[in-house]
Amino acid sequence: NASLSPQQALGVKKLPIDSAEWQSYFDESGQLLKSRDYIASQILDRGLDPSVRSEAWKFLTGYYAWRSSHDERLAVDSMRRKSYEALNSMCEKIQPLLETEHRDFIEVQNLIKYQQGFHEMLLLFHLLVEKEYEIYWLFQFFLQKTENSCIMNIGVEKNLIMLKALIAFLDPVFARHLGKLCLVQSLFPWFCLFFQRVFRSFDDVWRLWEVFLTGLPCRNFQVIIAYTMLNMVRDQILSEDLNGDDILMLCNHIVDLDADTLIIRACSIYDQLLQQKNEVKNSVAFLY
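Attention here is on the structure that accompanies the text. (Residues numbered from 1 in each chain as written. Predicted model: local features only at pLDDT ≥ 70, side-chain atom pairs only at ≥ 80, totals over all residues. Heavy atoms only, no water.)

### Section: the overall build of the chain
Inclusion rule: Counting from the N terminus, the helices are the DSSP runs of H or I reaching at least four residues and the strands are the DSSP runs of E reaching at least two. Buried, partly exposed and exposed residues are distinguished by accessible area as a fraction of the type maximum, computed with a 1.4 Å probe on protein chains only: under 20%, between the cut-offs, and over 50%, respectively. By the convention used here, residues are in contact when the closest approach between their heavy atoms is within 4.5 Å.
For the chain, the helix and strand inventory stands at 17 helices and zero strands. Looking at the 288 residues of the chain, the share that counts as buried comes to 47%. In the chain, the share of contacts with a sequence separation of at least 24, taken over all contacts with a separation of at least 6, comes to 75%.

### Brief notes about the packing of aromatic side chains
Going by this rule: Two rings from Phe, Tyr or Trp (for Trp, the six-membered ring) form a pair when their centres are within 6.5 Å of each other. A pair whose planes differ by under 30 degrees is stacked, one over 60 is edge-to-face, and the rest are tilted.
Using the criterion set out here, one finds 26 aromatic pairs in the structure. Taking 6.3 Å as the distance between ring centres and 75° as the angle between the ring planes, the aromatic pair formed by Tyr63 and Phe141 counts as edge-to-face. With a gap of 78 residues between them, Tyr63 in the loop between helix 4 (50-61) and helix 5 (70-101) and Phe141 in helix 8 (residues 132-145) connect regions that are remote in the sequence. Take Phe141: its relative accessible area is 15%, and that puts it in the buried class. Connected via pairs of aromatic rings, a cluster forms that spans Trp22, Tyr25, Phe26, Tyr38, Phe59, Tyr63, Tyr64, Trp66, Tyr84, Tyr136, Trp137 and Phe141.

### With respect to the packing of helix 13 (residues 221-232) against helix 16 (residues 259-274)
For the record, the criterion: Axis definition: a line fitted to C-alpha atoms, limited for helices to the stretch in contact. Angles are taken between N-to-C directions and run from 0 to 180 degrees. Roughly parallel refers to an angle under 35 degrees, roughly antiparallel to one over 145, roughly perpendicular to one between 65 and 115, and oblique to any angle outside these ranges. Gly is placed with the polar residues, together with every amino acid not listed as nonpolar (Ala, Val, Leu, Ile, Met, Phe, Trp, Tyr, Cys and Pro) or charged (Asp, Glu, Lys and Arg).
Between helix 13 and helix 16, whose axes approach to 9 Å, the crossing angle comes to 105°. By the angle between their directions, the pair helix 13 and helix 16 is classed as roughly perpendicular. Taking contact as the criterion, the partners of Phe221, Ile224, Ile225, Tyr227, Thr228, Met229 and Met232 in helix 13 are, on helix 16, Leu262, Ile263, Arg265, Ala266, Cys267, Ile269, Tyr270 and Leu273. Taken together, the residues of the contact of helix 13 with helix 16 sort by class into 13 nonpolar, one polar and one charged.

### Quick notes on the nonpolar core
Where we set the bar: Each nonpolar core is a collection of buried residues, namely Ala, Val, Leu, Ile, Met, Phe, Trp, Tyr and Cys, held together in the definition by side-chain atoms within 4.5 Å.
In terms of nonpolar packing, the biggest core is built from 93 residues, with Trp57, Trp190, Phe195, Trp209 and Ile224 touching the most fellow members. For Trp57, the residues in contact, after removing those within four places along its chain, are Leu48, Phe125, Leu128, Leu138, Phe142, Trp206, Trp209, Glu210 and Leu213.

### Details of the layout of surface pockets
Our working rule: Put plainly, a pocket is an open set of points on a 1 Å grid over the protein atoms alone with protein on both sides within 12 Å along at least five of seven lines, a cavity is a set where a 1.4 Å probe fits but cannot get out, and a lining residue has an atom within 4 Å of a point. Grid points are joined across faces, edges and corners, and a volume is the space filled by probe spheres set on the points.
By volume, the second largest pocket is sized at about 270 Å³. Around the second largest pocket sit 18 residues that line it, and Pro16, Arg46, Leu48, Arg207 and Asp260 are the ones nearest its centre. Looking at the lining of the second largest pocket, the elements with two or more residues in it are helix 3 (36-46), helix 4 and helix 12 (202-214). A per-element tally of the lining of the second largest pocket places helix 12 first, with three residues. Of the residues contributing to the lining of the second largest pocket, the split by class is three nonpolar, three polar and 12 charged.

### Looking at unusual backbone geometry
A cis amide bond, omega 0°, links Leu216 with the succeeding residue Pro217. Take Pro217: it is sitting in the loop between helix 12 and helix 13. The backbone of Glu147 shows a phi angle near 55°, a positive value even though the residue is not glycine. Examined against the element boundaries, Glu147 turns out to sit in the loop between helix 8 and helix 9 (155-170). Owing to a relative accessible area of 30%, Glu147 belongs among the partly exposed residues under this scheme. With phi around 65°, Phe195 is a residue other than glycine that occupies positive phi space. When you line up the elements, Phe195 lands in the loop between helix 11 (188-192) and helix 12.

### Remarks on the side chain of Arg234
For the record, the criterion: What qualifies as a polar contact is a pair of N or O atoms within 3.5 Å, subject to a donor-acceptor requirement within protein and to the restriction that residues adjacent in sequence count only when both atoms come from side chains.
One can find Arg234 in helix 14 (residues 234-239). A polar contact of 2.7 Å, which involves the side chain of Arg234, links it to the side chain of Asp171. Once you skip the residues sitting within four places of it in the chain, Arg234 turns out to touch Asp171, Val173 and Phe174.

### Section: helix 3
Looking only at helix 3, the buried set comprises Ile39, Ala40, Gln42, Ile43, Leu44, Asp45 and Arg46. Count one or two residues on from helix 3 and you reach Gly47, which has phi positive near 85°.

### Comments concerning the packing of helix 9 against helix 10 (residues 172-181)
Following both chains from N to C, one finds helix 9 and helix 10 inclined at 135°, their axes separated by 5 Å at the closest point. When the axes of helix 9 and helix 10 are compared, the pair comes out oblique. Here Ile167, Ala168, Phe169 and Leu170 of helix 9 come into contact with helix 10, specifically with Pro172, Phe174, Ala175 and Leu178.

### Some words on helix 9
Selection criterion: For a helix, the expected span equals 1.5 Å multiplied by the number of residues minus one.
The end-to-end C-alpha separation of helix 9 is 22 Å, in line with the 22 Å expected for 16 residues at 1.5 Å each. What helix 9 keeps buried is the set Gly155, Val156, Asn159, Leu160, Met162, Leu163, Leu166, Ile167 and Phe169.

### What to know about the pattern of salt bridges
Note on pairing: side chains with opposite charge can pair once their charged atoms come close. For clarity, the threshold we go by: Every case where a carboxyl oxygen of Asp or Glu lies within 4 Å of a side-chain nitrogen of Lys or Arg is listed as a salt bridge.
Under the criterion given, the structure shown has 14 salt bridges. Ionic pairing is found between Glu147 and Arg219, a salt bridge with its closest N-O pair at 2.9 Å. Of the two residues, Glu147 is situated in the loop between helix 8 and helix 9 and Arg219 in the loop between helix 12 and helix 13; the sequence distance between them amounts to 72 residues. Taking the relative accessible area as the measure of exposure, Arg219 reaches 43% and is therefore partly exposed.

Below you can see the structure in the form of structure tokens.
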């Protein structure tokens, strides 16, 4: 399991992987010399400079094979573009038939189109890469890599169940208070928005998302992130005996966060869990 460097643990920000360092990771054929584990640990520890983020994400998501050469990646780009164009063409042909023959099609289409947070997520991908086919495939691979964590009725509900279990394990007193109010389920916007609205900048959002893509420091790290955020208002909730609406309002006002600081705090909580490894495996095995 990866852990933060001593500098990060002390809250000292380290410089992200910049263009010069990123280029040094490749050989003359454009093949990565560094292992995925090494680069992933560096990303957890330091993050990526905006100048390398779009290319690095293509490796992290699986858009590009990790050991691919420059020429192989050009071929992949061409294949992705053609596949996207073929999908578009097929959709244009079958959509009228689906709308006519299947009554539920438009309802399902609208559900997908207006899923809370998707349009905001796509904006961030549009800012990350330029071409339409790149946006489509990178977003698809991102969803797969993060186990559809931000999709309603799939990943969001699973995350809420895991968050409830984590609170119960780490903080039974707080869990009882929240349980009486059936509140944890109401925190779904954090997951379906994938924490987009809690940060001060797009760079902070990308910084957290690329950590999720590494799979470090553990699987389902997004649940520990949510617990860390809830912990920020935990003492106020208990001391003031806040009710459901007041708690939700308080949680909705968790904004302008710094991603590095949040990641450090969440990694610290994960380190605490590692110290209780035997109990963790029985109670919150989803982190392994």
